[in-house]
Amino acid sequence: MPSLSSSRPSAPSRSERTWRYFVAAVAVATLVVTTLLTSGAPAARAAEVWTPKPAPMSTPWTSRVSVDHPLPEYPRPQLTRPDWANLNGLWDFAVTPRDAAQPTTYGERIRVPFVPESALSGIQRRISGDDRLWYRRTFTVPADWGNRRVQLNFGASDWETTVWVNGRRAGAVHRGGYDAFSYDITSLLNGGTNTVVVSAYDPTEAGGQAIGKQRVQDVTPHPGHSIVYTASSGIWQTVWLEPTAPAHITRLDLVPHLEDGTLHVTVRGAGADGAAVKVTVSGGGTPVGSATGTVGTEFSVSVPNARLWSPDDPFLYDVTAQLTGTPGADRVGSYAGLRSIAVKDVDGVRRPVLNGRFVFQTGTLDQGFWPDGIYTAPTDEALRFDLQKHKDLGFNMVRKHIKVEPQRWFYWADRLGLLVWQDMPSMDSAKTPDGASRTQWESEYRAVIDQHRSSPALIQWVDQNEGWGQYDQARIADLVKAYDPSRLVDNMSGVNCCAAQDGGNGDVIDNHNYVGPGNTPTEPVRASVLGEYGGLGYRVPGHEWYPGGGFSYEDQPTLSALDDRLVGLLDGIRENAMPAGGLSASVYTQITDVENEANGLLTYDRQVVKVDEPRVRAANEALIAASRTLGPPVRLPVDQYVSIRVTTPGYTDRYVRHYDGLGYTEVVTAGSDDVLKQDATWKVRPGLANRLCYSFESRNYPGEYLRHRDFRVRREAGDDSALYRADATWCPVRGEGGIRLAASDFPGQYLRHINAELWLARSGGTHAWDNPNSFTEDTTWAVEAPWAQAP
């Protein structure tokens, strides 16, 4: 008969005690699985040998996943107790029609918590909305748990989950694929060997619930240019038991308030409303502050001379909370990072400020998919790996894209020091959600916020994406801000894309631009961010999900070309989009390839880093460093006439002019004819696409502006399209002896003269006008008094 032993965290090292109290390297003596003999199971099962299915691609951790004890780490780092028992491992498994009764026999075994679509589960089969999943296993409660209550915890199960213990249902059906849930099963236990049965129903896109990028499709590699991926059904995070006192703590809400040097605490509990609770904050093993309050009521703990959390110094304080009413009352461990996040004016530009200072947020889009586990990383080391790679590549932020990871992912982000934008997984992009779907989605969103509201890394909620399942954007943004006022809110990422509608509120305005980087128009109230850009692709032979089937937004011919292009995008943000265009954050697509998307910085199997790691890190570090010393943007005389002079040595008597609708430079002197002087005179207007930038209107052709089209710069009338406005907007930055004018929609490309013609050019690009010789000089201009007076 399988037995279950109590698990206790091992003693932390001295260095670990400086950042955590209870969560340390967890030595799990959990389920000892030799057979899974349960009533109704075939007798021959005792001799069967379970094996996983071959993964489409093997990650470095695929072969390291334990059969009986996968993911043995403590699953809830911000609310820890010393005793717990992991139920991950082999369970009996069956698939029935959706409306069928509980099966009497289970013909397969599945390795929990890997979904049946995955290779690591041992099933690797397509699951549809016509199916219902069934899981079964037995356990015994460790004798040393005494008379405490027993909680059965699920990290997450997608989507509708019902649980029975010893034939009786354990509470209400849980609906939601991304939030943790638990049941007090004490009254259902029999004192000996217990049987737990779990049923999961997941319609994916056939339903109306949050699904993110999951779609029902073949579980083995297949061709197709799709930005959605293989679905994950049923249990996909750790299942575990935990003993608690009858009155016990269920959640700690920890919100730093730097203005008065306190940590605001709300202790949530079960059977403990109004109970007294003591909270202690420690740093480096030494208590620095404590306070007593009551469960369910906010109170504050003073933290004098607080060491602030940031990507450069992700310092974590230890936190303990103990109910004080009776001896042996519940005691939990946690941690907190003290930091603030807000939006404010910085030199006349709305910027997000971390701990009161603007720092540019440079990150990647992180989908969180795996070729072997799909939604579930094979090991905790793998879960950490992607975040560590962000740090190695110099990024300071990650956008978790329409998926919510296990709590240990947030723990690693907190500990490593990565700012997190957390998307709420969207509903199906092809549907307008009905009332029931909206109610469910908002309920699950609140549960997700509650679960992760104490993570210092998490600084921004992203409500919706590119109009997928969009509705009530403004109301939802207000709801989220009121529910969690300690973080920024993005009402819609990609308001310029795909029929998305901007709610007009929240803390940021968020555009998408492929390949970009482009620029997001600035506003008086919200900060401008770039929620997606990039998508540069390169397929690595031997590391493709479907060989030859990968796609990207812009394929690169070589790895060196990929490096050059990526660094060029980052440099364009540093040189122009940030200082001149007012951009405050950018999210590169993406950290890894995902199935047939080949636009990752790493391959999908995490075996190959495609880019030059030190070079990309240096570009990101330069971008972040430049944001710390950023001065006010360059100002030009709005609604006044100017002439724009060349500063290249030997050509300083030439000026920008138009001729037959095209842009040129030509020598202009006092003796030049009036037509030439007029053609070389431009009226400075506020940027048609960005109020921080500028547009140049022809003096003698009012309504026609200097714009780029097909790289050639010309004088052209507008059609009021977003494309025209962007092409006719130029963002200036200081250059040596003048200013440089970058295209608003292509911050790394500049107005350049070459052979007397005006072009939009990128140093080292593939065109003749991108020739790097004298590139900086040819793209630097002096703005001077006009050659012609106002008409």
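Scroll up for the structure.
Every value quoted in this text rests on a predicted model; they were computed, and no experiment measured them.

**Focus: unusual backbone geometry**
Then, in step 1: Val515 follows Tyr514 through a cis peptide bond whose omega is 0°.
Then, in step 2: Residue position: Val515 is located in the loop between strand 31 (508-513) and strand 32 (527-534).
Then, in step 3: The omega torsion of the bond from Gly516 to Pro517 falls at 10°, within 30 degrees of zero and hence cis.
Then, in step 4: By the element assignment, Pro517 lies in the loop between strand 31 and strand 32.
Then, in step 5: Of note, the phi angle at Asn166 is positive, near 50°, even though the residue is not glycine.

**Some words on the pairing of strand 42 (residues 712-717)**
Then, in step 1: Most of strand 42 is tucked away, with five of its six residues classed as buried.
Then, in step 2: Where strand 41 (residues 704-709) meets strand 42, six bridges bridge the pair, whose relative direction is antiparallel. In the strand pairing of strand 42, Arg709 is matched with Arg712.
Then, in step 3: The antiparallel hairpin formed by strand 41 and strand 42 contains two residues in its connecting segment, where Asp710 sits at a positive phi of about 55°.

**A short note on the state of the cysteines**
Then, in step 1: Taken as a whole, this structure holds two disulfides when the rule is applied.
Then, in step 2: A sulfur-sulfur distance of 1.9 Å marks the disulfide that ties Cys497 to Cys498.
Then, in step 3: Put simply, Cys693 and Cys731 are joined by a disulfide, and their sulfur atoms are 2.0 Å apart. An S-S torsion of about 95° defines the bridge between Cys693 and Cys731 as right-handed. Taken as a pair, Cys693 in the loop between strand 39 (682-686) and strand 40 (694-698) and Cys731 in strand 43 (residues 730-735) lie far apart in primary sequence, 38 residues in all. The pair formed by Cys693 and Cys731 is uniform in burial state, with each residue classed as buried.
Then, in step 4: In the chain, the cysteines engaged in disulfides, taken in order along the sequence, are linked 1-2, 3-4.

**Comments concerning the side chain of Asn491**
Then, in step 1: Considering the arrangement of structural elements, one finds Asn491 in the loop between strand 30 (488-490) and strand 31.
Then, in step 2: What makes Asn491 buried here is its relative accessible area of 0%.
Then, in step 3: At 2.9 Å, the side chain of Asn491 forms a polar contact with the side chain of Asp502.
Then, in step 4: A distance of 2.8 Å separates a polar atom in the side chain of Asn491 from the backbone nitrogen of Gly503.
Then, in step 5: Non-local contacts of Asn491, meaning those with residues more than four positions away in its chain, are made with Asp463, Gln464, Gln473, Ala477, Gln501, Asp502, Gly503, Gly504, Asn505 and Arg526.

**Description of the pattern of salt bridges**
Then, in step 1: A full pass over the atoms with the stated rule returns 51 salt bridges.
Then, in step 2: Measuring nitrogen to oxygen at the nearest pair gives 3.0 Å for the salt bridge that ties Arg148 to Asp83. Here Arg148 is found in the loop between strand 4 (131-140) and strand 5 (149-154), whereas its partner Asp83 is found in the loop between helix 1 (14-17) and strand 1 (85-86), with 65 residues between them in sequence.
Then, in step 3: You can call Asp83 buried: its relative accessible area is 5%.
Then, in step 4: One salt bridge connects Glu160 with Arg175, and the closest N-O pair in it is separated by 2.9 Å. Of this pair, Glu160 sits in strand 7 (residues 160-165) while Arg175 sits in strand 9 (residues 174-175), and the two are 15 residues apart along the sequence.

**Quick notes on the nonpolar core**
Then, in step 1: Judged by nonpolar contacts, the single largest core of 63 residues is most densely connected at Leu387, Val420, Trp421, Trp441 and Tyr445.
Then, in step 2: Looking at which element gives the most residues to this core, the answer is helix 3 (residues 407-416), with six residues.
Then, in step 3: Of all hydrophobic cores here, the second largest spans 28 residues; its members include Phe93, Ile127, Val150 and Ile235.

**Details of the environment of Gly494**
Then, in step 1: Considering the arrangement of structural elements, one finds Gly494 in the loop between strand 30 and strand 31.
Then, in step 2: According to the relative accessible area criterion, Gly494 is buried, its value standing at 0%.
Then, in step 3: Residues Gly494 and Glu466, spaced 28 residues apart in sequence, show a C-alpha to C-alpha distance of 4.9 Å.
Then, in step 4: If we skip the residues at most four places from it in the chain, Gly494 touches Glu466, Ala500, Asp510, Asn511 and His512.

**Some details on the packing of aromatic side chains**
Then, in step 1: With the rule as written, the count across this model stands at 28 aromatic pairs.
Then, in step 2: Between Trp84 and Trp240, the ring centres sit 5.9 Å apart and the planes meet at 85°, which makes this aromatic pair edge-to-face. One end of the pair, Trp84, is in the loop between helix 1 and strand 1; the other, Trp240, is in strand 15 (residues 239-244), and 156 residues separate them in sequence. Exposure class is identical for Trp84 and Trp240. Each is buried.
Then, in step 3: Note on Phe369 and Tyr375: the rings are 5.2 Å apart at their centroids and 65° apart in plane angle, and the pair reads as edge-to-face. Pair check on accessibility: Phe369 and Tyr375 agree, each one buried.
Then, in step 4: An aromatic cluster of at least three residues, connected via ring pairs, comprises Tyr178, Tyr229, Trp236, Phe369 and Tyr375.
Then, in step 5: Of note, Arg712 hangs over the ring of Trp759, and the distance from its end group to the ring centre comes to 5.4 Å.

**Notes on the sheet that holds strand 19 (residues 286-294)**
Then, in step 1: Across the sheet, which stays open at both edges, the four strands sit in the order 19-18-21-22 with antiparallel pairing between neighbours. In this open sheet, the two strands that pair with only one neighbour each are strand 19 and strand 22 (331-336). Shown here is a sheet whose adjacent strand axes are inclined to one another by a mean of 20°, direction ignored.

**Notes on the environment of Arg175**
Then, in step 1: Here Arg175 falls in the partly exposed class, since its relative accessible area comes to 42%.
Then, in step 2: Considered as a pair, Arg175 and Asp158 are 17 residues apart in the sequence and their alpha carbons are 8.0 Å apart.
Then, in step 3: Among all residues touching Arg175, those that are not within four sequence positions of it are Trp159, Glu160 and Gln440.
Then, in step 4: In this structure the side chain of Arg175 is engaged in a polar contact, spanning 2.9 Å, whose partner is the side chain of Glu160.

**Remarks on the packing of helix 2 (residues 380-392) against helix 3**
Then, in step 1: At a minimum axis distance of 10 Å, the contact between helix 2 and helix 3 shows a crossing angle of 35°. Read as a crossing pair, helix 2 and helix 3 show a hand that is right-handed. Along its contact with helix 2, which presents Asp380, Leu383, Arg384, Leu387, Gln388 and Lys391, the element helix 3 presents Arg408, Trp409, Trp412, Ala413 and Leu416.
Then, in step 2: Here the contact of helix 2 with helix 3 is built from residues that sort into six nonpolar, one polar and four charged.

**Quick look at the sheet that holds strand 5**
Then, in step 1: Taking strand neighbours across the sheet as the criterion, the four strands line up as 1-15-5-10 in an open arrangement whose pairing is antiparallel. The open sheet has two free edges, formed respectively by strand 1 and strand 10 (181-184), since each of these has just one partner strand.
Then, in step 2: Relative to strand 10, strand 5 runs antiparallel, the two being bridged by four bridges. Opposite Phe154, over in strand 10, you have Phe181 as the bridge partner.

**Points about the packing of helix 6 (residues 559-577) against helix 7 (residues 613-628)**
Then, in step 1: Close contact between helix 6 and helix 7 brings their axes to 9 Å; oriented N to C, the two are set at 5°. Classified by the angle their axes make, helix 6 and helix 7 are roughly parallel. Counted together, Asp563, Asp564, Leu566, Val567, Leu570, Asp571, Ile573 and Arg574 of helix 6 and Arg615, Val616, Ala619, Asn620, Ala622, Leu623 and Ala626 of helix 7 form the full contact between these two elements.
Then, in step 2: Among the residues forming the contact of helix 6 with helix 7, the class breakdown is nine nonpolar, one polar and five charged.

What counts and what doesn't
- Residues numbered from 1 in each chain as written.
- Predicted model: local features only at pLDDT ≥ 70, side-chain atom pairs only at ≥ 80, totals over all residues.
- Heavy atoms only, no water.
- Helix = DSSP H or I, 4+ residues; strand = E, 2+ residues; numbered from the N terminus.
- Buried < 20%, exposed > 50% of the residue type's maximum accessible area, 1.4 Å probe, protein only.
- Pairing = 2+ DSSP bridges.
- Disulfide = S-S within 2.5 Å.
- Polar contact = N/O pair within 3.5 Å; in protein donor to acceptor, adjacent residues only side chain to side chain.
- Contact = heavy atoms within 4.5 Å.
- Salt bridge = Lys/Arg side-chain N within 4 Å of Asp/Glu carboxyl O.
- Core = buried A, V, L, I, M, F, W, Y, C linked by side-chain atoms within 4.5 Å.
- Phe/Tyr/Trp six-rings, centres within 6.5 Å; stacked < 30°, edge-to-face > 60°.
- Lys NZ or Arg CZ within 6 Å of the ring centre and 35° of its normal.
- Axes fitted to C-alpha atoms, helices over the stretch in contact; angles between N-to-C directions.
- Left-handed = near helix turned anticlockwise from the far one by under 90°.
- Nonpolar A, V, L, I, M, F, W, Y, C, P; charged D, E, K, R; others polar.
- Parallel < 35°, antiparallel > 145°, perpendicular 65-115°, else oblique.

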